[in-house]
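# Structure assessment
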Amino acid sequence: MMNKDFKRQLKEIALPVTIQCLMQSSLSLIDQIMIGSLGSESIAGIGLAGKFTSLYSVTLAAVVTVAGILIAQYRGAKDDKGVSDSFFFPFYFALILTAIFSVFSVCAPKAIMAIYSNDASTIEKAAVYLKWRSAEYLPSAVTLFVSTMLRNMNKAKLPAVAGVAAIISNTVLNCLLIFGIGIFPRLEAAGAALATSLSRCLEMAIVLVLFIKEKKAQDVYLKPALHFSKEFIKKAFEILVPILIGEFLWSLGENMYAVIYGHLGTEPCAAMTLMYPIQGIANGALCGVSSAAGIITGNSLGANDEEKAWRQALDFVRLTVISGIAIGVIVCVLSPFYVKLFNVAPETRVVTVKILIAFALVFTAKVFNMVVGGGVLQSGGQTKFMTAVNIIGTWGFGVPLGFVSAYVFRLPIWWVYFILSLEEYVRLIISVWLLRSRKWMRNVTVKTEE
């Protein structure tokens, strides 16, 4: 059973992060509902462009995860200089990543989208959306890093405040820019992208203001540095490189799935796109638990209390499995009502419901890998092994199964999705073995230079 201290920490960290994740996921849902009135081509185009932007988001999140792992352990060790270096070193790396993705998104959007689909109209709409959406890359990076720092300062509620403002802003701007209300031009897909980007900028500004205020109140040491100790750089890269490669390859695999869906036709691709917001919201419901898992177990490992970390890990396993099953049932029950929100053909609605049922069947495995694999196991810096797990699951099973089921057996898209998603159970089995071995329990802190 969870003790009172664990419940308190979970409430303080997981609940605000979950609320923030749900609000961020709802931005995508709002886009889809409003764009849904423009037809299947617009829906499919936004979905495919969103997959490429997710390649950036997931890779960025990997860098932020590393920052979170290091910050949590250095706070547990009460090393202020280590905390500061753990924030800025990954942040500089994230800025380079942001610049690379921005150049590609702005300069070659059509070439990128042509990889995902052979439908000219879908490619055109996707390229326009991608170009405008790239404006959110930098503010998203700043927001994620500052939010991670706030969570480690036990102020996880503050980023949620910015999230509320972002979702309100996005909803209003979507109405104005997609449909051209009043003095605003009708931009359709470009309007949805621009609304999202502007909302991210607002979210960043609010988070920064709140962070600066809280930093002063807690007298937190956070000073930009250009010089880091060799020991720190070595330890940071030992954690960063495996997780960065693993998350990038995992996201690239997800993009390969999108390529498979995109070449099955516009209507199946549109149905798949309608599933993504529900996937984001369902995952978002437990993303706070994943974040809390990394911070809570990381603090215990940083304080050299392995038994406490083990008890916390088991609590997270129980919470994740129970929640995953419950959310999967809810998705199955609500899916017929959800598809009625969109102006699409009846056949597309039927296909979407079948895809959502397939999603519900693999959801528990998905969130187990997110919370236990991405939170608990990586809290001890066990990133090399998790990289191997992600690569084996996605590229050893998921991608091959997707191509075979789609192009050899020519199965319907809901079967293709279900079969390739079985790779989640492969990763789950390997993660359970590592969890039980306790080899993931490591203190990764090193002495930093003052």
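Cut-offs used in this document
- Residues numbered from 1 in each chain as written.
- Predicted model: local features only at pLDDT ≥ 70, side-chain atom pairs only at ≥ 80, totals over all residues.
- Heavy atoms only, no water.
- Helix = DSSP H or I, 4+ residues; strand = E, 2+ residues; numbered from the N terminus.
- Expected span 1.5 Å × (residues − 1).
- Bend = angle between axes of the 7 residues up to and from the residue.
- Patch = residues over 30% accessible without salt bridge, like charges linked within 9 Å, V, L, I, M, F, W, Y side chains within 5 Å.
- Areas by Shrake-Rupley, 256 points an atom, 1.4 Å probe, with all protein chains shown as cover.
- Salt bridge = Lys/Arg side-chain N within 4 Å of Asp/Glu carboxyl O.
- Buried < 20%, exposed > 50% of the residue type's maximum accessible area, 1.4 Å probe, protein only.
- Contact = heavy atoms within 4.5 Å.
- Axes fitted to C-alpha atoms, helices over the stretch in contact; angles between N-to-C directions.
- Parallel < 35°, antiparallel > 145°, perpendicular 65-115°, else oblique.
- Left-handed = near helix turned anticlockwise from the far one by under 90°.
- Nonpolar A, V, L, I, M, F, W, Y, C, P; charged D, E, K, R; others polar.
- Phe/Tyr/Trp six-rings, centres within 6.5 Å; stacked < 30°, edge-to-face > 60°.
- Polar contact = N/O pair within 3.5 Å; in protein donor to acceptor, adjacent residues only side chain to side chain.

## Side note on helix H11 (residues 306–338)
Taking 1.5 Å per residue as the helical rise, H11 with its 33 residues ought to reach 48 Å, and the 44 Å between its terminal C-alpha atoms agrees with that figure. Helix geometry: H11 is bent most strongly at Cys332, by close to 30 degrees, with proline Pro336 lying one to four residues after it.

## So, a nonpolar patch on the surface
Taken together, the side chains of Val321, Ile325, Val329, Ile330, Val333, Leu334 and Phe337 present a nonpolar region at the surface, about 650 Å² in accessible area. Residue position: Ile330 is located in helix H11. Residue classification places Ile330 among the partly exposed residues on the basis of a relative accessible area of 48%.

## Considerations on unusual backbone geometry
Phi angles above zero are rare outside glycine, and Asn154 is one such case at about 60 degrees. Its place among the elements puts Asn154 in the loop between helix H6 (137–152) and helix H7 (157–179). In this model, Glu188 sits at a positive phi of 50 degrees, which is unusual for a non-glycine residue. Residue placement: Glu188 occurs in the loop between H7 and helix H8 (189–218).

## Observations concerning the environment of Glu188
Owing to a relative accessible area of 27%, Glu188 belongs among the partly exposed residues under this scheme. On a C-alpha basis, the gap between Glu188 and Tyr56 in space is 23 Å, while along the polypeptide they are 132 residues apart. What Glu188 contacts, discounting residues up to four positions off in sequence, is Ile35, Leu38, Lys125, Leu177 and Ile178.

## Details of the pattern of salt bridges
Taken as a whole and assessed by the stated rule, the structure comprises 14 salt bridges. Ionic pairing is found between Glu124 and Lys110, a salt bridge with its closest N-O pair at 3.1 Å. Taken as a pair, Glu124 in helix H5 (residues 120–133) and Lys110 in helix H4 (residues 109–113) lie far apart in primary sequence, 14 residues in all. Among the ionic pairs, Glu424 bridges to Lys366, the shortest N-O distance being 3.4 Å. Note that Glu424 is positioned in helix H15 (residues 423–437) and Lys366 in helix H12 (residues 346–376), a separation of 58 residues in sequence. Across the pair, exposure class does not vary: Glu424 and Lys366 are buried alike.

## Let's talk about the packing of H5 against H8
Remark: H5 packs on H8, axes separated minimally by 8 Å, with the N-to-C direction vectors making an angle of 20 degrees. One finds that H5 runs roughly parallel with respect to H8. Where H5 crosses over H8, the handedness of that crossing is right-handed. Listed contacts from H8 to Lys125, Val128, Tyr129, Trp132 and Arg133 of H5 are Ala189, Ala190, Ala192, Ala193, Leu194, Thr196 and Ser197.

## Section: the packing of helix H10 (residues 266–302) against H12
Contact geometry of H10 with H12 gives a least axis separation of 8 Å together with a crossing angle of 20 degrees. Viewed along their axes, H10 and H12 adopt a mutual orientation that is roughly parallel. The chirality of how H10 crosses H12 is right-handed. In the contact of H10 with H12, the residues fall into 19 nonpolar, 9 polar and 2 charged.

## Let's talk about the packing of aromatic side chains
Tallied over the entire structure, the rule returns 19 aromatic pairs. Seen in terms of ring centroids, Phe6 and Phe316 are 5.0 Å apart; in terms of plane orientation they differ by 65 degrees. Their pairing is edge-to-face. Of this pair, Phe6 sits in helix H1 (residues 4–36) while Phe316 sits in helix H11, and the two are 310 residues apart along the sequence. Both residues of the pair, Phe6 and Phe316, belong to the buried class. Arranged with centres 5.4 Å apart and planes meeting at 90 degrees, the rings of Phe89 and Phe237 form a pair that is edge-to-face. With Phe89 in helix H3 (residues 80–107) and Phe237 in helix H9 (residues 230–262), this residue pair connects regions lying 148 residues apart in the sequence. A relative accessible area of 13% places Phe89 in the buried class.

## Notes on the side chain of Ser199
As for its position among the elements, Ser199 is in helix H8. For Ser199, a relative accessible area of 0% corresponds to the buried category. Excluding its chain neighbours within four sequence positions, the residues that come into contact with Ser199 are Ala166, Ser169, Asn170 and Leu173.

## Notes on the side chain of Ser290
By secondary structure assignment, the location of Ser290 is in helix H10. Residue Ser290 is classed as buried on the basis of its relative accessible area of 13%. Among the polar contacts made by the side chain of Ser290, one reaches the main-chain carbonyl oxygen of Met370 at a distance of 2.9 Å. When residues no more than four places from it in sequence are discounted, the contact partners of Ser290 are Met370, Val371, Gly374 and Gly375.

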